[in-house]
Amino acid sequence: MEPLVDAPNPIEMPGATPVVETFNLGKFYRTGFWMNEKIESLKNCTLTVSEGETFGLLGQNGAGKTTLLKTLLGIVRPTSGRALLLGRPLGDRTVKQRVGYLPENPYFYDYLTGWEFLQFAAGLFQIPPSIQRQRIPHLLDLVGLSQSAAIKKQLRQYSKGMLQRIGMAQALINNPDVVFLDEPMSGLDPMGRYQMREIILSLKNQGKTIFFNSHILS
Ligand SMILES: Nc1ncnc2c1ncn2[C@@H]1O[C@H](COP(=O)(O)OP(=O)(O)OP(=O)(O)O)[C@@H](O)[C@H]1O
Ligand SMILES: [Mg+2]
């Protein structure tokens, strides 16, 4: 397939399998009372992320980072250009099983416990209960949440940092090959940020591809 890029991406690794490929991707939103105002959130975005790469997308507030992530996940439709995720066109259902996503502002069901929430997420991927029973405690350990808190506490009783951690566990429930994290450090204290960095590194060591948005330069 002939890529529509004018210049090669400087961080593209030759020979590696591309996981994310975008070609002049663009998105504008229509707003205003008559829907006659255009907000250009994404303009000619061309990038490649290869298998096993940890890719940090840095940009100021309003730069279009979340828009790009939502477009790649098929939540938002691009208005120009095209992209491939795991070699398939955006929105392809078969790809969803292999993808994990931590949204910027996740919605949580207040009256579920953390454990129930992870069971619910696992159910969406049709993960059998026997595997859920192994995977949920493993993920809780990974994100630094105690099993007793996950079993006893409802999500409305969780702190912001605890919610961020359960959100991260949810993003990994299907053992995805590629993980999209929108501001994974948000709401975390310095220790939590350190742990999140360690989690990202351990995912990298497992050979997963990680695409994360941040405005934290360090
Ligand atoms: N649903 C929407 N309707 C209209 N405009 C939108 C919508 N979503 C995003 N935008 C606009 O698109 C631009 C990019 O927003 P986006 O959320 O992608 O930025 P971001 O880089 O993720 O910012 P932040 O660092 O604050 O999370 C902003 O100007 C925003 O106002
Ligand atoms: Mg954002």
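Located above this text is the structure these notes cover.
Residues numbered from 1 in each chain as written. Chains lettered and ligands numbered in written order. Predicted model: local features only at pLDDT ≥ 70, side-chain atom pairs only at ≥ 80, totals over all residues. Heavy atoms only, no water.

**Some remarks on the coordination of the magnesium ion (ligand 2)**
Here is step 1 of the chain: Donor atoms from the polypeptide that bind the magnesium ion (ligand 2) are Thr 66 (OG1), Glu 104 (OE) and Glu 104 (OE), placed at 2.0 to 2.7 Å. Taken as a pair, Thr 66 in helix 1 (residues 65-72) and Glu 104 in the loop between strand 6 (99-102) and helix 3 (114-124) lie far apart in primary sequence, 38 residues in all.
Here is step 2 of the chain: You can call Thr 66 buried: its relative accessible area is 17%.
Here is step 3 of the chain: A residue is classified by how much of its surface remains accessible, and Glu 104, at 31% relative accessible area, is partly exposed. (Donors = N, O, S within 2.8 Å, 3.2 Å for Na, K, Ca; no water. Helix = DSSP H or I, 4+ residues; strand = E, 2+ residues; numbered from the N terminus. Buried < 20%, exposed > 50% of the residue type's maximum accessible area, 1.4 Å probe, protein only.)

**So, the sheet that holds strand 2 (residues 37-50)**
Neighbouring strands of a sheet are bound in pairs by backbone hydrogen bonds; such pairs are parallel or else antiparallel.
Here is step 1 of the chain: With antiparallel pairing, the four strands of this open sheet are ordered in space as 2-1-4-5. Both edges of this open sheet fall to strand 2 and strand 5 (88-89), since each of them pairs with a single strand only.
Here is step 2 of the chain: Where strand 4 (residues 80-85) meets strand 5, two bridges bridge the pair, whose relative direction is antiparallel. Counterpart to Leu 85 in the pairing with strand 5 is Arg 88.
Here is step 3 of the chain: Helix-sheet contacts for helix 1 involve strand 1 (18-31), strand 2 and strand 4, and the interaxial angle to strand 1 is about 115°. (Pairing = 2+ DSSP bridges. Contact = heavy atoms within 4.5 Å. Axes fitted to C-alpha atoms, helices over the stretch in contact; angles between N-to-C directions.)

**Digging into the packing of helix 3 against helix 6 (residues 160-171)**
Here is step 1 of the chain: Contact geometry of helix 3 with helix 6 gives a least axis separation of 9 Å together with a crossing angle of 25°. Between helix 3 and helix 6, the interaxial angle falls into the category roughly parallel. In terms of crossing hand, the pair formed by helix 3 and helix 6 is right-handed. Contacts from Gly 114, Phe 117, Leu 118 and Ala 121 in helix 3 reach Ile 166, Ala 169 and Gln 170 in helix 6.
Here is step 2 of the chain: Looking at side-chain class alone, the contact of helix 3 with helix 6 contains five nonpolar, two polar and no charged residues. (Parallel < 35°, antiparallel > 145°, perpendicular 65-115°, else oblique. Left-handed = near helix turned anticlockwise from the far one by under 90°. Nonpolar A, V, L, I, M, F, W, Y, C, P; charged D, E, K, R; others polar.)

**Regarding helix 1**
Here is step 1 of the chain: Here helix 1 lies mainly inside the structure; seven of its eight residues are buried.
Here is step 2 of the chain: Remark: Gly 74 follows helix 1 within two positions and exhibits a positive phi of approximately 80°.

**Here's the deal with the site of ligand 1**
Here is step 1 of the chain: In the vicinity of ligand 1 lie 15 residues, with Ser 41, Lys 65, Thr 66, Thr 67 and Glu 104 positioned nearest.
Here is step 2 of the chain: For ligand 1, an oxygen atom lies 2.7 Å from a polar atom in the side chain of Thr 66.
Here is step 3 of the chain: Calculation on ligand 1 without its partners gives an accessible area of 640 Å², and the protein chains cover 66% of this total.
Here is step 4 of the chain: Ranked by the residues each element gives to the shell around ligand 1, the list is headed by helix 1, at three residues.
Here is step 5 of the chain: Each residue belonging to the shell around ligand 1 can be placed in one class, and the counts come to three nonpolar, nine polar and three charged. (Near = heavy atom within 4 Å. Polar contact = N/O pair within 3.5 Å; in protein donor to acceptor, adjacent residues only side chain to side chain. Areas by Shrake-Rupley, 256 points an atom, 1.4 Å probe, with all protein chains shown as cover.)

**Regarding the pairing of strand 8 (residues 209-214)**
Looking along a regular strand, one sees the side chains alternate between the two faces of the sheet.
Here is step 1 of the chain: With respect to burial, strand 8 is a largely interior element, five of its six residues being buried.
Here is step 2 of the chain: Here five bridges tie strand 3 (residues 54-58) to strand 8, and the two strands are oriented parallel to one another. Note on strand 8: the bridge partner recorded for Thr 54 is Ile 210.
Here is step 3 of the chain: Here strand 7 (residues 178-182) runs beside strand 8; their pairing, made up of five bridges, is parallel. Paired with Val 179 across the two strands is Ile 210, which belongs to strand 8.
Here is step 4 of the chain: With helix 7 (residues 190-205) bridging strand 7 and the parallel strand 8, this β-α-β connection has right-handed handedness. (Right-handed = clockwise from strand over helix to strand, strands pointing away.)

**A short note on the side chain of Thr 71**
Here is step 1 of the chain: Tracing the backbone through its elements, the reader meets Thr 71 in helix 1.
Here is step 2 of the chain: A polar contact is formed between the side chain of Thr 71 and the backbone oxygen of Thr 67, at a distance of 2.5 Å.
Here is step 3 of the chain: When sequence neighbours within four positions are dropped, the list of residues in contact with Thr 71 reads Leu 25, Leu 42, Val 76, Pro 78 and Leu 90.

**Notes on the side chain of Glu 21**
Here is step 1 of the chain: Examined against the element boundaries, Glu 21 turns out to sit in strand 1.
Here is step 2 of the chain: Aside from chain neighbours lying at most four places away, what touches Glu 21 is Leu 47, Thr 48, Arg 82, Ala 83 and Leu 84.

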